[in-house]
Structures are given as structure tokens and as C-alpha cells.
Amino acid sequence: MYAVELEAKAKINLTLDVLYKRPDGYHQVEMIMQEISLRDYLVISLLPKKDIRIVADSKAIPDGEANLAFKAAKLLIEEFNLDAGVEIKIFKEIPVAAGLAGGSADAAAVLKGMNEIFELGLSTEELMLFGEKLGADVPFCVMGGTALACGKGEELSRLPAVPPASLVLIKPPYSVSTREVYNRLKINSIKKRPETQTVIESIKKGDLEGIAKGLCNVLEEVTFAQHPELRKFKEMLKERGAFGSLMSGSGPTVYGIFETKKDAERAATSLSLPGCTILISCMA
Ligand SMILES: C[C@](O)(CO)[C@H](O)COP(=O)(O)OP(=O)(O)OC[C@H]1O[C@@H](n2ccc(N)nc2=O)[C@H](O)[C@@H]1O
Ligand SMILES: Nc1ncnc2c1ncn2[C@@H]1O[C@H](COP(=O)(O)OP(=O)(O)OP(=O)(O)O)[C@@H](O)[C@H]1O
């Protein structure tokens, strides 16, 4: 049976600013998105009849039509009236509901994989437009790399690659609802906003310390109000040599940027946070 194997890479936010609430209920954002090496693996196989089957190695994600990978397959089957189906095997490595776009990454991988299996001939831009129908982070997960995201997150402009750097990610043993965090945000009381253009300049110069100094996510205050220990996790990473640390997306994952893999490994092994998942990854 014809099958394709894909990697679905996670993302972190280097900056995340929220400008205002839009009439459509979403928030206007300005954020720098960065693809990282942490990834899920998917195997998509052709099924002779119109059926979508999700086979996941994790009980933490839905195995039916609530799965974002299922929604992506359904979207293309209906759009192109495909007279066949797919089985989607998902091997999860990305922590779920962690602020790392795990579901969005899987959905983007399904769009790419089905484009290949059914020879739809869709460009990256066309796949990103389908991604927009699935969720705000999906267009970036289709594009990958480093990008400035505006609008709901679908207006993307590619940025130069950031300098190679390692990350330590701390994922606490609970998840956070993105929707609740956005809806709890008091936009008029945001004390510190990212200096997005300054960070873009640092990226263009390949200045890792400048990037790290510019890390800023306005959603932190909302999630930290519920989980104050996350603020401590940021400090612990910096005390262990991180150039900078930040919560990714709506959280709860907090990450630190380290110059080398060895620095990241040393920091990670010195952390003892019962119940937390501690991962090492890299940017670019
Ligand atoms: C927090 C980020 O992950 C940062 O990259 C994204 O902004 C959220 O991306 P996402 O999880 O793919 O978001 P979606 O699944 O499309 O939306 C989940 C919910 O988050 C809220 N949401 C999301 C994106 C956005 N720009 N404004 C919002 O208010 C909406 O209530 C939405 O119903
Ligand atoms: N393939 C999937 N992988 C992970 N979560 C999925 C998937 N399909 C559906 N979900 C659901 O989507 C919700 C969000 O999961 P996800 O891992 O995408 O969160 P996230 O990383 O915080 O996303 P974002 O950073 O975009 O806000 C979870 O509650 C999960 O049950």
C-alpha cells in the first residue's frame, strides 16, 4: 500500500504580542514564530475507500474526528472529492496542549502528505490557505523556518534563519487552554510588549544574545497568574546559563536558549522538577 512518512515539527514563539480583539472573536497578533527540531512522526497510507483512520501511540489526543490530523484529511477529501481514504499513524513526541502547536504540526503534515499521495500539485502557499481553515498556527507549521506572523497568525513573512542554538523545554504536568488564556488577557493592562522590530534586526544580524534579550510574550502574565511556578522555571533556566527564557504560545511550556547542546544538556541534567517533562531541542 502506498504510504508517505512525514515529520511534524513543533514551534516556539520568540515574541508574542496581542494588539486587539477582532470582530471575529480572534485576537490580532504580531509574533515571531520559530520551528524547532522536536517533532511528531506520521505515516499516511492510502485506503481504497473513503475513510479516515487515526492510529495514535498516545491516549492524550483524540482518535476520531476531533483530531486535527483527521480534520485536515477530511478537508482535502471533501475539497477535491477524493474517491479514497487515508490511515494516519501518529507517533507523538510533542507534548500535548503545551504551547508547541503539536496538533497544528500534525495537521500541516497531513496536508503535505496528502498533497503528495494524491498528486494534488498544491503549492506551499495553497497548502497554507487550507491550513488557515484548520487553526491559527497551521499556516506557519506548513511554512516552517522562522517567520513574522500577523493577523490571527496566518499573515506570514519569512525571516532569515536564526543562528543555530539549543533549547531546554520544561513542560509541567498540566495543559492550558489557548482559548481561555486569550480570553482572559486584559489588553489595556499589558505592562511590557515585545520590541518585535528590534528582535527582527537581531535575527538579520545573527545576534543570538540580542534575540534572547528580546524574548517577550504578553500571554505569560495570564498563564503565570494561574501557574506562578512557571516564572521560577524561567529564572532557573537563566541561572543555569540560558541567554534568555520564555513561555511558548499560551503555555505552559517554558524554554531557555543555550549556545551549545552541551550547555543545554548540562542545564537539563541539573534541573529536578518532579512531574515535569524536560526536553532538549534546537532551533534552525
Ligand atoms: C498561542 C499561539 O499558539 C501562538 O502561536 C496561537 O496564537 C494559537 O494558535 P492555535 O492554538 O492554532 O489557535 P486556534 O486553535 O486557531 O484557536 C484556539 C482559540 O484561541 C483563540 N485565539 C487563537 C488565535 C488568535 N490569534 N486569537 C485568538 O483569540 C481563539 O479563542 C480560538 O478559538
Ligand atoms: N494531532 C493532535 N496532536 C495534539 N493535540 C491534538 C491533536 N488533535 C487534536 N488535538 C487537541 O488539540 C488541543 C491542543 O493541542 P496542541 O498540542 O495543538 O496544543 P498547543 O501545542 O498548545 O497548540 P498551540 O501552541 O497552537 O496553542 C489538545 O487539547 C488536543 O486534545
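Residues numbered from 1 in each chain as written. Chains lettered and ligands numbered in written order. Predicted model: local features only at pLDDT ≥ 70, side-chain atom pairs only at ≥ 80, totals over all residues. Heavy atoms only, no water.

Naming follows an unreviewed UniProt entry, where the protein appears as 4-diphosphocytidyl-2-C-methyl-D-erythritol kinase of Caldanaerovirga acetigignens. The UniProt entry for the protein carries the following text under Sequence similarities (unreviewed entry): "Belongs to the GHMP kinase family. IspE subfamily." Check the Pathway (unreviewed entry) section of the UniProt entry for the protein; it says "Isoprenoid biosynthesis; isopentenyl diphosphate biosynthesis via DXP pathway; isopentenyl diphosphate from 1-deoxy-D-xylulose 5-phosphate: step 3/6." (UniProt positions renumbered as here; feature names shortened; annotations may be inferred.)

Trainee: I'd like to hear about the site of ligand 1, residue by residue, with values.
Mentor: In the region of ligand 1, 19 residues are neighbours, and His27, Ala136, Asp137, Lys152 and Tyr182 sit closest. Protein contacts shield 86% of the accessible area of ligand 1, which totals 630 Å² for the unbound molecule. Looking at the shell around ligand 1, the elements that each hand over two or more residues are β1 (3-21), β2 (27-47) and α5 (178-184). Broken down by element, the shell around ligand 1 gets its largest block of residues, 4 residues, from β2. Tallied by class, residues from the shell around ligand 1 come to 7 nonpolar, 8 polar and 4 charged. Counting the residues that make up the shell around ligand 1, at least three belong to each of domain 1 (3-159) and domain 2 (165-283). (Near = heavy atom within 4 Å. Areas by Shrake-Rupley, 256 points an atom, 1.4 Å probe, with all protein chains shown as cover. Helix = DSSP H or I, 4+ residues; strand = E, 2+ residues; numbered from the N terminus. Nonpolar A, V, L, I, M, F, W, Y, C, P; charged D, E, K, R; others polar. Domains from an automatic or database assignment.)

Trainee: How would you summarise the pairing of strand β5 (residues 146-151) if you had to cite specific residues and measurements?
Mentor: Among the 6 residues that make up β5, 6 are buried, leaving the element largely enclosed by the rest of the structure. Here β2 runs beside β5; their pairing, made up of 6 bridges, is antiparallel. Pairing of Ile32 across the sheet is with Leu148, part of β5. Once β5 ends, the chain turns through 3 residues before running back antiparallel as strand β6 (residues 155-158), passing Gly153 with a positive phi of about 135 degrees. (Buried < 20%, exposed > 50% of the residue type's maximum accessible area, 1.4 Å probe, protein only. Pairing = 2+ DSSP bridges.)

Trainee: Give me helix α10 (residues 261-270): which residues, what numbers.
Mentor: An α-helical segment advances 3.6 residues per turn. Residues three or four places apart therefore align on the same side. Among the residues making up α10, those that are buried are Ala264, Ala267 and Ala268. One side of α10 carries all its buried residues, which in axial view fall inside an arc of 100 degrees. Those residues of α10 that are exposed and aimed more than 90 degrees away from the buried face are Lys262, Arg266 and Thr269. Packing partners of the buried residues in α10 comprise β7 (165-171), β10 (254-258) and β11 (277-283). (Arc of directions from axis to C-beta. Contact = heavy atoms within 4.5 Å.)

Trainee: Summarise the nonpolar core; cite the residues concerned and give the values.
Mentor: By size, the foremost hydrophobic cluster in this structure holds 101 residues, and its most contacted members are Leu14, Ile88 and Met283. Counting the residues that make up this core, at least three belong to each of domain 1 (3-159) and domain 2 (165-283). Residues in contact with Ile88, not counting those within four places in the same chain, are Leu42, Val43, Ile44, Ile52, Arg53, Ile54, Val55, Ala69, Ala73 and Val110. (Core = buried A, V, L, I, M, F, W, Y, C linked by side-chain atoms within 4.5 Å.)

Trainee: Summarise the domain arrangement of the protein; cite the residues concerned and give the values.
Mentor: Examined at the domain level, the protein breaks down into domain 1 (3-159) and domain 2 (165-283). Measuring from the centre of the C-alpha atoms in domain 1 to the corresponding centre in domain 2 gives 23 Å. Contact residues are listed per partner, giving 29 residues for domain 1 and 35 residues for domain 2. Both sides of the domain 1 and domain 2 interface together cover about 2,400 Å² of buried area, and 66% of this is carbon and sulfur. By the criterion of area lost to domain 2, the three top residues of domain 1 are Leu14, Leu16 and Val18, representing 22% of everything that side buries. On inspection of domain 1 and its partner domain 2, the count reaches 1 salt bridge. Between Asp17 and Arg193 there is a salt bridge; the shortest N-O distance is 2.6 Å. At the boundary of domain 1 and domain 2, one finds 17 residue pairs in polar contact (both at pLDDT 80 or more). For the side of domain 1 that touches domain 2, the secondary structure elements donating two or more residues are β1, β2 and β5. With 11 residues, β1 is the single largest residue contributor to the side of domain 1 that touches domain 2. (Buried area = accessible area lost by both parts, 1.4 Å probe. Salt bridge = Lys/Arg side-chain N within 4 Å of Asp/Glu carboxyl O. Polar contact = N/O pair within 3.5 Å; in protein donor to acceptor, adjacent residues only side chain to side chain.)

Trainee: Kindly report on the environment of Ile203, identifying the contributing residues and their values.
Mentor: Considering the arrangement of structural elements, one finds Ile203 in helix α6 (residues 196-205). The residues touching Ile203, leaving out its near neighbours within four places in the chain, are Leu14, Ile32, Thr146, Leu159, Pro160, Ala161, Val162 and Ile211.

Trainee: Let's hear about the UniProt feature "domain: GHMP kinase N-terminal" (unreviewed entry) in the protein: which residues, and what values?
Mentor: In the numbering used here, UniProt assigns the "domain: GHMP kinase N-terminal" (unreviewed entry) feature to residues 67-145. End C-alpha to end C-alpha, residues 67-145 measures 24 Å, and it is 54% helix and 9% strand.

Trainee: Got a sec to walk through the UniProt feature "active site" (unreviewed entry) in the protein? Specific residues and values, please.
Mentor: Under the feature "active site" (unreviewed entry), the UniProt entry names Lys11 and Asp137. In three dimensions, the annotated residues from a span of 127 residues occupy one location, with a maximal C-alpha spread of 9.0 Å. The exposure class of Lys11 is buried, given its relative accessible area of 3%. Beyond its immediate chain neighbours, meaning those up to four positions away, Lys11 contacts Met33, Gln34, Glu35, Ile36, Gly99, Leu100, Ala101, Asp137, Phe140, Ser248 and Gly249. Among the polar contacts made by the side chain of Lys11, one reaches the main-chain carbonyl oxygen of Gly99 at a distance of 3.0 Å. Take Asp137: it is sitting in the loop between α3 (124-132) and α4 (138-143). Owing to a relative accessible area of 19%, Asp137 belongs among the buried residues under this scheme.

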